[in-house]
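Single-letter residue listing:
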Amino acid sequence: MSTPTTYDIRVEGHLDDHWAQRLGGLALTRNADGTTTLAGPLADQAQLYGVLSGLRDIGATLLSVEVSPAR
């Protein structure tokens with residue numbers, strides 16, 4: 001069994017908190033530069049792809065996906 005990987009996913013615009021549950025339960029941070037960072041652990045690539053699909057479905061523009069350093 002593998003341990004979850006923590007990701008930082010940045011999108012254009014500010015997302016409302018109600019999207020967090022649909023997007024894998026990731027924490028949403030609205031940044032001063034007008035972007036939103038979604039951060040948290042995802043179990044595997046399938047869950048990552050689910051989050052990315054959810055962002056696509058709500059029309060969010062993906063800016064970056066990065067693996068976070070261990071916290």
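Within each chain, residue numbers correspond to sequence positions counted from 1 in written order. For this predicted model, a pLDDT threshold of at least 70 governs which residues receive local features, and a threshold of 80 or more governs which side-chain atom pairs are given and counted, while totals over whole chains, interfaces and linings are taken from all residues. Excluded from the side-chain calculation are hydrogens and water; included are all heavy atoms of the structure.

(A) Region of interest: the overall build of the protein. Runs of H or I in DSSP of at least four residues are treated as helices and runs of E of at least two as strands, each being numbered from the N terminus. Within the protein, the regular secondary structure consists of one helix and four strands. When the helices and strands of the protein are read in sequence order from the N terminus, they spell out β-β-β-α-β. Taken over C-alpha atoms, the radius of gyration comes to 11 Å for the protein, in line with the 11 Å a tight globule of 71 residues would show. Overall size of the protein, expressed as C-alpha extent along the three principal axes, is 35 × 25 × 20 Å. The contacts in the protein between residues at least 6 apart in sequence include a share of 60% that link residues at least 24 apart. Put simply, the protein shows about 4500 Å² of open surface, and 51% of that area lies on carbon and sulfur atoms. Counting rule applied: Lys, Arg positive; Asp, Glu negative; His and chain ends not counted. Every charge is mapped to an atom, namely NZ of Lys, CZ of Arg, CG of Asp or CD of Glu. Here the protein holds 5 positive side-chain charges and 8 negative ones, and the gap between their average locations is 2 Å. We compute the radius of gyration over the C-alpha atoms and compare it with the globule rule, which gives 2.2 Å times the number of residues raised to the power 0.38. Only heavy atoms enter the contact rule, under which two residues are in contact if any of them lie within 4.5 Å. Methods summary: accessible areas were calculated by the Shrake-Rupley approach with a probe of 1.4 Å, and residue burial reflects only the protein chains presented.

(B) Structural detail: the pairing of strand β1 (residues 5-12). Any two strands between which DSSP finds at least two bridges are classified as paired. Note that β1 and strand β3 (residues 35-42) share eight bridges and pair antiparallel. In the strand pairing of β3, Thr 6 is matched with Pro 41. In the sheet, β1 pairs with strand β4 (residues 62-67) via five bridges, with the strands oriented antiparallel. Looking at β4, one finds that Arg 10 is bridged to Ser 64.

(C) Layout of the side chain of Thr 36. Within the secondary structure, Thr 36 is located in strand β3. Whether a residue is buried, partly exposed or exposed follows from its accessible area with a 1.4 Å probe, protein chains only, as a fraction of its type maximum: under 20%, in between, or over 50%, in that order. Taking relative accessible area as the criterion, Thr 36 reaches 0% and is therefore assigned buried. Among the polar contacts listed, one links the side chain of Thr 36 to the backbone oxygen of Gly 13, at a separation of 2.7 Å. For Thr 36, the residues in contact, after removing those within four places along its chain, are Ile 9, Arg 10, Val 11, Gly 13, His 14, Leu 15, Leu 28, Thr 29, Arg 30 and Asn 31. Think of a polar contact as two N or O atoms within 3.5 Å of one another; within protein, one of them needs to be a possible hydrogen donor and the other a possible acceptor, and neighboring residues in sequence only count if both atoms come from side chains.

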